Amino acid sequence: ASLIMAVSINKILQTLTQADIDSLYSIYQYRCLNKEQLLLMHFKELYPDNEEMALKHLNKRIKQIIKMDLIKEVSYRPNESVYFLTTNGVEVLRHIFSFPANIYDSNKRTSQRGYFRASELEILPKNINHQVHLNQFVIEYMKTKDLTPVRYFDEKYVNQYAGIRP
């Protein structure tokens, strides 16, 4: 089964553009993104003087990536939706970025998975609006800051905090 998976992942990789890969990774990092956020982060720069062309290109790539079952669209309000990774989307990212299967914590002397599953990245529809706004804040901040490295933690990491929520 893993040989078949490797063959299909390699087929998928041949059809993905760099903007597709960057978009998938951003959806992984931010849990979900809407079309406007993907446009701003990865497609506007492809057509800096033509937002209409950038949007047309984004729509075409989203359709293709959904067809490959790497992302799924989830509506959370009338005429508003976001994209989440599917299990296949996470597997493709694991292949591209070599996410570790397990990470050993020498202090706790335990191992834990080195990546998030698609089901762990998904959030309840009632919480999506909040996540979209949180993501927008971080995206805008990242665009304005200098090159100082910043790590963004959302509720995926809530188990790392005792008594508070990020």
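Here goes a summary of the coordinates provided. Because the structure is a prediction, the values reported are computed rather than measured. (Residues numbered from 1 in each chain as written. Predicted model: local features only at pLDDT ≥ 70, side-chain atom pairs only at ≥ 80, totals over all residues. Heavy atoms only, no water.)

Some thoughts on the packing of helix α2 (residues 18-30) against helix α3 (residues 35-43)
Contact geometry for α2 and α3: axes closest at 10 Å, N-to-C directions at 125 degrees. By the angle between their axes, α2 is oblique relative to α3. Pair α2 / α3 crosses with right-handed handedness. Residues A19, D20, D22, S23, S26, I27 and Y30 of α2 form the contact with α3, whose own contacting residues are L38, M41, H42 and F43. Of the residues in the contact of α2 with α3, the class split is 6 nonpolar, 3 polar and 2 charged. (Axes fitted to C-alpha atoms, helices over the stretch in contact; angles between N-to-C directions. Helix = DSSP H or I, 4+ residues; strand = E, 2+ residues; numbered from the N terminus. Parallel < 35°, antiparallel > 145°, perpendicular 65-115°, else oblique. Left-handed = near helix turned anticlockwise from the far one by under 90°. Contact = heavy atoms within 4.5 Å. Nonpolar A, V, L, I, M, F, W, Y, C, P; charged D, E, K, R; others polar.)

A few points about the pattern of salt bridges
For the structure on display, the rule yields 6 salt bridges. For K44, the salt bridge identified is with E51, shortest N-O distance 3.6 Å. Accessibility expressed as a relative area gives 31% for K44, which makes it partly exposed. Note that E122 and K72 form a salt bridge whose closest N and O atoms lie 2.7 Å from each other. Of this pair, E122 sits in the loop between α6 (118-121) and α7 (125-144) while K72 is found in strand β1 (residues 71-77), placing the two residues 50 residues apart along the sequence. What makes K72 partly exposed here is its relative accessible area of 32%. (Salt bridge = Lys/Arg side-chain N within 4 Å of Asp/Glu carboxyl O. Buried < 20%, exposed > 50% of the residue type's maximum accessible area, 1.4 Å probe, protein only.)

A few points about helix α4 (residues 51-67)
Relative to the 24 Å expected for 17 residues at 1.5 Å per residue, α4 spans 24 Å between its end C-alpha atoms, a close match to the ideal helical length. Those residues of α4 that fall on the buried side of the exposure criterion are A54, L58, R61, I62 and I65. Buried residues of α4, viewed axially, fall in a sector of 105 degrees; they line one side. Exposed and oriented more than 90 degrees from the buried face of α4 are E52, K56, K60, K63 and K67. Phi turns positive one or two residues past the end of α4, at D69, with a value near 60 degrees. (Expected span 1.5 Å × (residues − 1). Arc of directions from axis to C-beta.)

Regarding the nonpolar core
Among the nonpolar cores identified, the biggest contains 32 residues, and L16, L24, L70, I71 and L85 are the most heavily contacted of them. Put simply, the parts of the chain that give this core at least two residues each are α1 (2-15), α2, α3, α4, β2 (80-85), α5 (87-97), α6 and α7. Broken down by element, the residue count for this core peaks at 6 residues, all from α2. Excluding residues within four positions of it along the chain, L85 makes contact with L24, I27, Y28, L70, I71, V90, L93, A118 and L121. Counting residues in hydrophobic clusters, the runner-up holds 8 residues, among them C32, V74, Y76 and F84. (Core = buried A, V, L, I, M, F, W, Y, C linked by side-chain atoms within 4.5 Å.)

Topic: the pairing of strand β4 (residues 110-113)
Pairing between strand β3 (residues 102-105) and β4: 4 bridges, direction antiparallel. Looking at the pairing, N102 lines up with R113 of β4. Linkage of β3 to β4, two consecutive antiparallel strands, is achieved through a turn of 4 residues, within which R109 is found at a positive phi near 55 degrees. (Pairing = 2+ DSSP bridges.)

What to know about the side chain of T86
Considering the arrangement of structural elements, one finds T86 in the loop between β2 and α5. When neighbours within four sequence positions are excluded, T86 is seen to be in contact with D69, L70, I71, K72 and A118.

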